[in-house]
Amino acid sequence: MLQFTTMRIAARDCVRLSLRSFASSGATPGRVSSLQPLLPEKNSRRSVSQKAKVVCPDAQVVEAPLELLQKAVVPKVKLYGPGPSDMPASVQQSLNAPLLGHLHPHFLNIMKDVRSGLQYVFQTRNKLSFALSGTGHAGMECAFVNLCERGDRVLIIKNGIWGARAADLAKRLELDVKVLDVPEGAVADVEHFAKVVKEFRPLAVFLCHGESSTGVAHPLEGFGEVCRNSGALLIVDTVASLGAAPFRCDDLLVDCVYSATQKCLNAPPGLAPMSFNDRAIEKIRSRKNRVPSFYFDALEIGNYWGCFEDAPRYHHTAPISTVYSLRAALSNVVQEGIENSVERHIENSKYLYQLLESNGFELFVQNAEHRLPCLTTVKVPEGVQWKQVNDALMQKGLEISGGLGPTAGKIWRIGTFGDNSRREKIDEVSRMFVEEVNAHRK
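Scoring rules and cut-offs
Residues numbered from 1 in each chain as written. Predicted model: local features only at pLDDT ≥ 70, side-chain atom pairs only at ≥ 80, totals over all residues. Heavy atoms only, no water. UniProt positions renumbered as here; feature names shortened; annotations may be inferred. Helix = DSSP H or I, 4+ residues; strand = E, 2+ residues; numbered from the N terminus. Contact = heavy atoms within 4.5 Å. Phe/Tyr/Trp six-rings, centres within 6.5 Å; stacked < 30°, edge-to-face > 60°. Buried < 20%, exposed > 50% of the residue type's maximum accessible area, 1.4 Å probe, protein only. Core = buried A, V, L, I, M, F, W, Y, C linked by side-chain atoms within 4.5 Å. Pairing = 2+ DSSP bridges. Salt bridge = Lys/Arg side-chain N within 4 Å of Asp/Glu carboxyl O. Polar contact = N/O pair within 3.5 Å; in protein donor to acceptor, adjacent residues only side chain to side chain. Arc of directions from axis to C-beta. pLDDT = per-residue confidence, 0-100. Axes fitted to C-alpha atoms, helices over the stretch in contact; angles between N-to-C directions. Parallel < 35°, antiparallel > 145°, perpendicular 65-115°, else oblique. Left-handed = near helix turned anticlockwise from the far one by under 90°. Nonpolar A, V, L, I, M, F, W, Y, C, P; charged D, E, K, R; others polar. 1 Å grid on protein atoms, 1.4 Å probe; cavity = no way out; pocket = protein on both sides within 12 Å on 5 of 7 lines; lining within 4 Å. Points joined across faces, edges and corners; volume = space filled by probe spheres on them. Domains from an automatic or database assignment.

(A) Structural detail: the UniProt feature "modified residue: N6-(pyridoxal phosphate)lysine" (unreviewed entry) in the protein chain. In the numbering adopted here, UniProt assigns the feature "modified residue: N6-(pyridoxal phosphate)lysine" (unreviewed entry) to Lys263. Inspection of the secondary structure assignment puts lysine 263 in the loop between strand E9 (256-258) and strand E10 (271-276). If we ignore the near neighbours within four places in the chain, the residues touching lysine 263 are Pro82, Gly83, Ser85, Val239, Ala240 and Phe417.

(B) Inspection of the packing of aromatic side chains at higher detail. Within this structure, the stated rule accounts for eight aromatic pairs. Taken together, a centroid distance of 6.4 Å and an interplanar angle of 70° make the contact between phenylalanine 122 and phenylalanine 247 edge-to-face. On the criterion of sequence distance, the pair formed by phenylalanine 122 in helix H4 (residues 105-122) and phenylalanine 247 in the loop between strand E8 (233-237) and E9 is long-range, its members being 125 residues apart. For the pair formed by phenylalanine 122 and phenylalanine 247, the shared burial category is buried. Here phenylalanine 144 and phenylalanine 206 contribute two aromatic rings whose centre-to-centre distance is 6.1 Å and whose plane-to-plane angle is 40°, an arrangement assigned as tilted. Here phenylalanine 206 lies in strand E5 (residues 204-208) and phenylalanine 144 lies in helix H5 (residues 136-147), a separation of 62 residues in the sequence.

(C) Spotlight on the nonpolar core. Membership of the largest hydrophobic core comes to 89 residues, with the highest contact counts inside it found for Phe130, Phe144, Phe193, Phe276 and Trp305. Per-element tally for this core: the top contributor is helix H11 (residues 320-336), with eight residues.

(D) Geometry of the sheet that holds strand E14 (residues 411-415). Spatial ordering of the open sheet is given by E11-E14-E13, a layout of three strands whose pairing is antiparallel. Each end of this open sheet is capped by a strand with a single partner; those strands are strand E11 (375-379) and strand E13 (401-402). The sheet contact formed by E11 and E14 spans five bridges and is antiparallel. Across the sheet, residue threonine 376 finds its bridge partner in E14, namely isoleucine 414.

(E) Up close: the pattern of salt bridges. Inspection of every chain in the model, using the stated rule, returns 20 salt bridges. Note that glutamate 336 is salt-bridged to arginine 344, the shortest N-O span being 2.7 Å. For glutamate 336, a relative accessible area of 26% translates into the label partly exposed. For glutamate 362, the salt bridge goes to lysine 379, with nearest N and O atoms at 3.0 Å. Taken together, the residues span a long stretch of sequence, with glutamate 362 in the loop between helix H12 (338-358) and E11 and lysine 379 in strand E11 at a distance of 17 residues. Exposure remark for lysine 379: the relative accessible area of 29% places this residue in the partly exposed category.

(F) View of the UniProt feature "binding site: substrate" (unreviewed entry) in the protein chain. Look at the UniProt record and you will see "binding site: substrate" (unreviewed entry) annotated at Arg413. Considering the arrangement of structural elements, one finds arginine 413 in strand E14. Only 3.0 Å separates the side chain of arginine 413 from the backbone oxygen of serine 212, close enough to count as a polar contact.

(G) Looking closely at helix H9 (residues 278-285). All of the buried residues along H9 are Ala280, Ile281, Lys283 and Ile284. Viewed along the axis of H9, the buried residues span an arc of 160°, placing them on a single side of the element. More than 90 degrees from the buried face of H9, the exposed residues found are Asp278 and Arg285. Looking at the buried residues of H9, the elements they touch are strand E2 (128-133), H5, E8, E10 and helix H10 (298-304). The residue sitting at the N-terminus of H9 and contributing the capping side-chain oxygen is asparagine 277; that oxygen lies 3.1 Å from the backbone nitrogen of arginine 279.

(H) Summary view of the confidence of the model for the protein chain. Looking at the protein chain, the pLDDT average stands at 91 and 87% of residues meet or exceed 70. Per-element mean pLDDT across the protein chain ranges from 42 in helix H1 (residues 2-24) up to 99 in E9. With pLDDT under 50 throughout, residues 1-42 is counted as low confidence; its partners more than four residues away or in other chains account for 25 contacts. For the stretch residues 44-49, pLDDT sits under 50, and the model shows six contacts to residues farther than four places along the chain or on other chains.

(I) A look at the packing of helix H13 (residues 386-395) against helix H14 (residues 423-439). At a minimum axis distance of 9 Å, the contact between H13 and H14 shows a crossing angle of 130°. As the angle between them shows, H13 and H14 are arranged oblique. When the axes of H13 and H14 are compared, the crossing they make is right-handed. Here Val389, Ala392 and Leu393 of H13 lie close against H14, whose contacting residues are Met432, Phe433, Glu436 and Val437. Across the contact of H13 with H14, the residue classes tally to six nonpolar, no polar and one charged.

(J) Examining the sheet that holds E8 more closely. Here seven strands make up an open sheet; going across it, the order is E2-E10-E9-E8-E5-E3-E4 and the pairing mixed. Each edge of the open sheet is held by one strand with a lone partner, namely E2 and strand E4 (176-181). Along the sheet, successive strands turn relative to each other by an average axial angle of 20°, direction set aside. Examined bridge by bridge, E5 and E8 share five bridges and lie parallel to one another. Among the inter-strand pairings, cysteine 208 is bridged to a residue of E8, identified as aspartate 237. Set on the sheet, helix H8 (residues 223-230) makes contact with strand E3 (153-158), E5 and E8; between it and E8 the angle comes to about 150°.

(K) How the structure looks around the layout of surface pockets. Quantified by volume, the largest pocket comes out at close to 420 Å³. Residue lining of the largest pocket: 21 residues in total, with Ala217, Ala245, Pro246, Ile346 and Glu369 positioned closest to the centre. The leading source of residues in the lining of the largest pocket is H12, at four residues. Split into classes, the residues belonging to the lining of the largest pocket amount to 11 nonpolar, four polar and six charged. Two domains each donate at least three residues to the lining of the largest pocket, and these are domain 1 (79-83 + 337-440) and domain 2 (89-336).

Listed below in structure tokens is the structure:
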């Protein structure tokens, strides 16, 4: 009983501490005279944290971080890495628009505009098209969680880190996983793929269209037909390729596609554009068990985004400002035209290849037809420390990146996403890159 009384006294002391702090600010919280102090009031100028140590000796006090009283330091950096990419002024300005409620009629109209824009860039008529609240990784998880159930067979084409990530995710979901290994920098042969599919009979196949760890744009022609003939669903990752490499979802018989906003779309990271066709929707609706994730339930998200006939229901609070920015980014693509955007990236990538090769550099992807037009991978020459070059460029306000996963330490990755795919910008980044590499040769 004594221990219980002591605990009550400590709690009352903490209440008095809060009230004293409030009163010392000059405000009037109400009648507090009935709460007489148990300890004498001394040194009234003590900080709140000091009082807490005296009045509540057992309390765990977290001191206020003084660095948050200063403005954050955000330097201006030219982003020529694998993402995120530089935002054009129209996208930056959209982030300053006033917030709306997540079910406000005007915000629902903005979501409708975004949905139409995604159908355009994906080149699809899929009604279940939306921007998932999350990064590209969230898109991958959403695809697998909705389309696959425990024990289902999935075939993963792996020619870089994203195939490896997809295989890891599938194993975590307790799927029956088979990996079709392809050397980094290369692509799968469609005839060999067809044989593997015939033998394994997967429910779903994963293929990364733009493998950003190696700089490969994987061909998609023929893979959809193989999957359709075998009854498998085709899941395609276009995080690093959408807007720069040719992609026509419906014509390629892709059942589920996802992407991200921070690469060729030049929007901030935080949304994963997605689209499911009718075959995929039917698979979700015919599941033996409910989708194990409420947050990633594609049909629930689709209702919120107005993809179906029924009225939108609350699912989660969308990142309002990020959706604004995606609308602005999609507007830029529509103004240029998706075909023109792709052609611009392809032509400018060839120009960058020419500049690099004329200066003695070797590109990592040998077959020019399989190179990702918005992300160029360059082999690190002997005698050069890749990170020293990166650090020197960063000191000059320009960011490129080294390798990732299996290519770490072997290559540089130079991103020319969206608005950075311009001749004058490619001239600048290639000149600065060549100068720094030459300066760091041993």
